[in-house]
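# An overview of the molecular structure
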Amino acid sequence: MASQSQGVQQLLTAEKKAAEKVAEARKRKARRLKQAKDEAQAEIEKFRQERERQFKEYEAKHLGSQDDIALKIKSDTHAKITAMNKQVATNKDKVIERILQLVKDIKPELHVNAKRD
């Protein structure tokens with residue numbers, strides 16, 4: 001019986017050591033996964049920053065800066081307003097004369113839908 005209890009004791013000890021090794025292996029695996037995740041996150045952030053920098057360079061090269069675009073829009077708008085003001089000044093007298101002519105020259109006529117009795 002002593003040998004059986006000693007054998008059981010050895011089995012329990014071996015099982016305890018195996019459980020400790022398994023737990024340690026799980027901890028190492030969890031640490032490796034966390035480290036890999038952190039490294040991947042850092043690599044993703046580095047890649048994102050690089051692409052953002054490339055995009056900014058491309059945008060500046062092909063589209064110009066925000067200030068350049070705003071200045072161009074402002075100058076285009078000013079040019080269009082100036083052209084419209086010239087047209088108004090050129091045609092103002094003609095339009096007023098035409099409106100006055102239509103108001104003064106009234107020809108009374110019976111509307112086509114009005115009944116003649």
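- Labelled according to an unreviewed UniProt entry, the protein appears under the name V-type proton ATPase subunit G, originating from Scylla paramamosain.
- UniProt lists a comment for the protein under the heading Sequence similarities (unreviewed entry), and it reads "Belongs to the V-ATPase G subunit family."
- As its UniProt record puts it under Subunit (unreviewed entry), the protein is described as follows: "V-ATPase is a heteromultimeric enzyme made up of two complexes: the ATP-hydrolytic V1 complex and the proton translocation V0 complex."

### A few points about the overall build of the protein
- A tally of regular secondary structure across the protein gives 2 helices and 0 strands.
- Rg of the C-alpha trace for the protein: 45 Å, well past the compact-globule value of 13 Å for 117 residues, more than 25% over.
- When its C-alpha atoms are laid out on the principal axes, the protein stretches across 135 × 55 × 15 Å.
- When the 117 residues of the protein are sorted by exposure, 1% land in the buried category.
- Of the roughly 11900 Å² of accessible surface on the protein, 58% is carried by carbon and sulfur atoms.

### A look at the UniProt feature "coiled-coil region" (unreviewed entry) in the protein
- Feature annotation in UniProt places "coiled-coil region" (unreviewed entry) on residues 8-57, given in this structure's numbering.
- Along residues 8-57, the helical share is 100% and the strand share 0%, with 73 Å between the first and last C-alpha atoms.

### A look at the pattern of salt bridges
- For the coordinates displayed, the defined rule picks out 7 salt bridges.
- Across the pair Glu 52 and Lys 56 runs a salt bridge whose closest N-O atoms are separated by 3.9 Å. In this pair, Glu 52 and Lys 56 are both assigned in helix α1 (residues 2-62), 4 residues apart and thus about one turn of the helix distant.
- Overall, Glu 52 belongs to the partly exposed group, its relative accessible area being 37%.

### Side note on a positive patch on the surface
- The grouping of Arg 26, Arg 28, Lys 29 and Arg 32 at the surface amounts to a positive patch.
- Its relative accessible area of 61% is what places Arg 26 among the exposed residues.

### Observations concerning a nonpolar patch on the surface
- A cluster of nonpolar side chains, contributed by Leu 63, Ile 69 and Ile 73, occupies part of the molecular surface with about 280 Å² of accessible area.
- In this structure, Leu 63 sits in the loop between α1 and α2 (66-104).

### Notes on the environment of Arg 48
- Mapping Arg 48 onto the fold places it in helix α1.
- Reaching out from Arg 48, the side chain makes a polar contact with the side chain of Glu 45 at a distance of 2.6 Å.

Here is what the cut-offs are and how they apply
- Residues numbered from 1 in each chain as written.
- Predicted model: local features only at pLDDT ≥ 70, side-chain atom pairs only at ≥ 80, totals over all residues.
- Heavy atoms only, no water.
- UniProt positions renumbered as here; feature names shortened; annotations may be inferred.
- Helix = DSSP H or I, 4+ residues; strand = E, 2+ residues; numbered from the N terminus.
- Rg over C-alpha atoms; globule rule 2.2 N^0.38 Å.
- Buried < 20%, exposed > 50% of the residue type's maximum accessible area, 1.4 Å probe, protein only.
- Areas by Shrake-Rupley, 256 points an atom, 1.4 Å probe, with all protein chains shown as cover.
- Salt bridge = Lys/Arg side-chain N within 4 Å of Asp/Glu carboxyl O.
- Patch = residues over 30% accessible without salt bridge, like charges linked within 9 Å, V, L, I, M, F, W, Y side chains within 5 Å.
- Lys, Arg positive; Asp, Glu negative; His and termini not counted.
- Charge placed at Lys NZ, Arg CZ, Asp CG, Glu CD.
- Polar contact = N/O pair within 3.5 Å; in protein donor to acceptor, adjacent residues only side chain to side chain.

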